[in-house]
Amino acid sequence: MTKRLAELLILSGYLILAVLLYRSTASYPLSVQGSTAMYVRFLGTALGALCTIELLLWFKNRGQGAAEKINLTNAPIRFWGLAVLLVAYAAVLSLLGFYLSSAIFLPIAMVLLGARKPLSIGLTSGGVLLFVYLVFAKLLEVPLPESTLF
């Protein structure tokens, strides 16, 4: 797939999303038609206008530049490894809970992305988990996913 084709597909998708977003406001309750629905209509209209402008610019400049192939990444093993790791993390999140899943995910992701010092990996993972616990669990009292296993 070329870069220009990907741009066209993404812009077309966003334009369809803008139309669907705008049309969805018709099913909003009457009590929010003057407030929330107006905001959503504005977002849909703005997204649609920006996509239309970008599509017009895309068609205006379509003859310029060579057909460049898309290169997702220079390190495909890291990219796909991280993608698989994120799917696995999401899959075990409800089974193991947030803290245990994150305690497993963070060091593996750091090693996959190039970190090599065990002390910095451990301190960073522990620091992130401590920060999340203090801010989200204690300060904001946000319920994080709990384990269903034990």
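Here, the structure is the one placed above.
Residues numbered from 1 in each chain as written. Predicted model: local features only at pLDDT ≥ 70, side-chain atom pairs only at ≥ 80, totals over all residues. Heavy atoms only, no water.

Chemist: Please set out the nonpolar core residue by residue, giving values where relevant.
Modeler: With 8 residues, the main nonpolar core is built from Leu85, Tyr89, Leu93, Phe98, Phe105, Ala109, Leu129 and Val132. In contact with Val132, other than residues within four places in its own chain, are Phe98, Ala137 and Leu144. (Core = buried A, V, L, I, M, F, W, Y, C linked by side-chain atoms within 4.5 Å. Buried < 20%, exposed > 50% of the residue type's maximum accessible area, 1.4 Å probe, protein only. Contact = heavy atoms within 4.5 Å.)

Chemist: Account for a nonpolar patch on the surface, naming residues and giving values.
Modeler: A surface patch of nonpolar side chains, about 500 Å² in accessible area, is lined by Phe131, Phe136, Leu139, Leu140 and Val142. If you trace the backbone, Leu140 turns up in the segment after α5 (118-139). (Patch = residues over 30% accessible without salt bridge, like charges linked within 9 Å, V, L, I, M, F, W, Y side chains within 5 Å. Areas by Shrake-Rupley, 256 points an atom, 1.4 Å probe, with all protein chains shown as cover. Salt bridge = Lys/Arg side-chain N within 4 Å of Asp/Glu carboxyl O. Helix = DSSP H or I, 4+ residues; strand = E, 2+ residues; numbered from the N terminus.)

Chemist: Kindly report on the side chain of Ser125, identifying the contributing residues and their values.
Modeler: With respect to the helices and strands, Ser125 occurs in helix α5. Given the relative accessible area of 6%, Ser125 is considered buried. The contact partners of Ser125, leaving out residues within four places of it in the chain, are Leu106, Pro107 and Met110.

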